[in-house]
Amino acid sequence: MEEFRNMVSRCMERWHIPGAAMAVTSGDSVLLEEVWGVRNLSDKKPVTPETRFAMASCTKAVNAEMIASLADDGIIEFDTPIAKYVPEFRLWDRAATDGITMQDMLCHRSGLGGHDAMWPNTWERKDFLYRLRFLEPNKPFRYCSQYSNVMFAAAGYLAELIAGKPWEKLVQERILDPLGMKQSGFSAAEMCCMEDFAVGYRWHEDKLDEMPPWEMTGAEPAAGLYSNLRDMEKWMQMQVQKGRYGGKQIISEKNIMQTQSPQSAMQSYPWSFPEFPGIGAYGMGWMIRVYRGVPVIYHHGEIEGFCTFQAVIPALERGVVILANRHSSCHGFQYTLLFQILDKMLGEEGAGWEERLWKHGQKLEAEAKPGTEEKAQASLSGKDHNPVYPLQEYTGNYVNPAYGTLQVVKELKELKELKLYFKQWKLPMKCLCGQTFQVSNLKEDTMFMDVPLTYDFDEKTGKAKGFFIKLEPLVKEIWFGKE
C-alpha cells in the first residue's frame, strides 16, 4: 500500500494536482479510502474524506438514477415519447419532437451536438426548454451518440415538469436522503460557505492559478452536484449492489441495470490502449468500456478547477471514486490510479501505467500545440488588419433565439479594438481579414478557444445584418442577427 501511495504522490506532482481523494467500495464496505495533498494552496489545509468537490459530469449518473426512480413509481417510462408527458416540448425537426424519449436524452442520441455555450445562464427553466427548438441538429435523430450537456439538462428539467417538483428536490428525496448523503448539495456558493471544501485550480503558463467556482445554472442536471468522498462512497455502494443500500432497494435492479447497460455505441479517444480499447458504448449517465476483458461502467467529470471520476466493475463487485481539485484534464492521473487498482484486483502484473500514461499525456499535449505552419499563420494573423467599415458599424446587440443576446462594443480607451461581451467576459476581437474577426479566449464548457466571427453587411446601406460565430468544434456556425 505504501508503494501505491508513493506512486499517487509522484503522479500528483507530475500532473500538477494540489489535492486528491480516492475510495474503493464493495457491498456495504469501504475497502480503500485515501486522501492526498491540500484543498487550498493558500492555507495548505489537507484534503480530508469530508472535503467537498464539484462533481461536474459525474452528476449525469445521479440524474439518470433519479429518473430511474421515477420509472420505478410509474411516473415516467424511459422509452415513452416526451410528447406524451409534455406536449408543448419542441425540437428543431419533427421526427425528434415526436419521438424523443428520456432514454434518447440520457444516452446522447438527440441529433444535437454539445451547444455548451448556452450555459451557464439565468433563464427560467421553461424558457431554456423553449429555446431548444431553435438549435439545428448536426446529425439525424438517433443516428449516433453525441455528448450533450444541454440535452442532459433538458432531461432533468422535463422530469421536474412531469413529476411536479424541482429537479433538486427530486434528487434530494430519491437519491441523497435514502443514501444518507447529508453533505451533498447543488450550489457552489453553498459549498464555499462550508468549513471543508476544495478550491479549484488551473495549470496555466507553468503555474497553478485559482479558479473561481462556477455555478451550473442552466445545466444543473448535467453537472450541478457538489459532494465529498464519504457521500460518494455511499453512492457507489448502491451502484455496485444494483440499487440496494443499507438493506433497502433504493432503485429497482431492473432500472438501475438499464442505466448501466449499453444503449448507443460511442468511441472514446484518445485515451485508449490495447488493454482498454476505445470502442465502447454509452448507457444512461454512464460510459461502458472493457479493461482486460472486464466491463467497466464509468464517467468522468470536468468543470472549473475540478476533475472527478467514478466507476463500477460489476464482475468484481467493486466501485471506484477519484476526486481532484485541478482543471481539465486529469485523465492521465485518473486512469493511472484506476488501472493500477484494477490490475491489483485482477492479479495482473504491473503494466507500467505510471510512465505509459505520462508519456501518452505528453504526446497528446505536444500534438495539441500549433506546428510551424500554424505558428506562421498565427503570426500573420497577428498583424493589424483594417476592417472594411468603421468600427462603430460593427457594434451593437446581436440576437440568436436559442443563445440569447451577444453585445459588441468599442472600448472608449481602446479606440482601435472591439470587444465581445460573452456572459461575464469581455473578449478582444482582432480583425483577421475582410469581415472576419478572431475572438480570443472564449470559454465554452471547460475549454478556452480562439474562434472566428464573420460579419454580413448590407452593401447598399453599409449596415451590419449580423454575424456567424463558431462556438464549438462539432456544431455549425451560429447566426446572430443585428437587433
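Residues numbered from 1 in each chain as written. Predicted model: local features only at pLDDT ≥ 70, side-chain atom pairs only at ≥ 80, totals over all residues. Heavy atoms only, no water.

Asker: What's the story with the packing of helix α13 (residues 331-346) against helix α14 (residues 353-368) in this structure? I'm lost.
Answerer: When two helices pack together, their arrangement is given by the angle between the helix axes and the distance between those axes. It is at 9 Å that the axes of α13 and α14 come closest, and there the two elements cross at 155 degrees. Here α13 lies roughly antiparallel to α14, going by the angle between them. When you trace α13 past α14, the crossing you get is right-handed. Residues Gly332, Tyr335, Thr336, Phe339, Gln340 and Asp343 of α13 form the contact with α14, whose participating residues are Trp353, Glu354 and Leu357. (Axes fitted to C-alpha atoms, helices over the stretch in contact; angles between N-to-C directions. Helix = DSSP H or I, 4+ residues; strand = E, 2+ residues; numbered from the N terminus. Parallel < 35°, antiparallel > 145°, perpendicular 65-115°, else oblique. Left-handed = near helix turned anticlockwise from the far one by under 90°. Contact = heavy atoms within 4.5 Å.)

Asker: Quick question: what am I supposed to make of the environment of proline 18 here?
Answerer: Relative to the elements of secondary structure, proline 18 occurs in the loop between α1 (2-14) and β1 (19-26). Judged by relative accessible area, which is 9%, proline 18 ranks as buried. Separated by 28 residues in the primary sequence, proline 18 and proline 46 have C-alpha atoms spaced 9.6 Å apart. Proline 18 has contacts with Met12, Trp36, Gly37, Val38, Leu41, Tyr201, Leu208, Asn325 and Arg326, leaving out every residue within four places of it along the chain. (Buried < 20%, exposed > 50% of the residue type's maximum accessible area, 1.4 Å probe, protein only.)

Asker: Just to check I follow, could you spell out the packing of aromatic side chains for this structure?
Answerer: For any pair of aromatic rings, the description consists of the separation of the ring centres together with the inter-plane angle of the planes. Counted by the stated rule, this structure contains 34 aromatic pairs. Judged by centre distance (6.3 Å) and plane angle (85 degrees), the rings of phenylalanine 273 and phenylalanine 339 are edge-to-face. Within this pair, whereas phenylalanine 273 is found in the loop between β9 (264-267) and β10 (279-282), its partner phenylalanine 339 is found in helix α13, the two being separated by 66 residues in sequence. In this structure, phenylalanine 273 and phenylalanine 339 share a single accessibility class: buried. Members of the aromatic cluster, connected to one another through ring pairs, are Trp271, Phe273, Phe276, Tyr291, Tyr298, Phe309, Tyr335, Phe339 and Trp353. Stacked on the ring of phenylalanine 152, the Lys or Arg lysine 60 has its end atom at 5.7 Å from the ring centre. (Phe/Tyr/Trp six-rings, centres within 6.5 Å; stacked < 30°, edge-to-face > 60°. Lys NZ or Arg CZ within 6 Å of the ring centre and 35° of its normal.)

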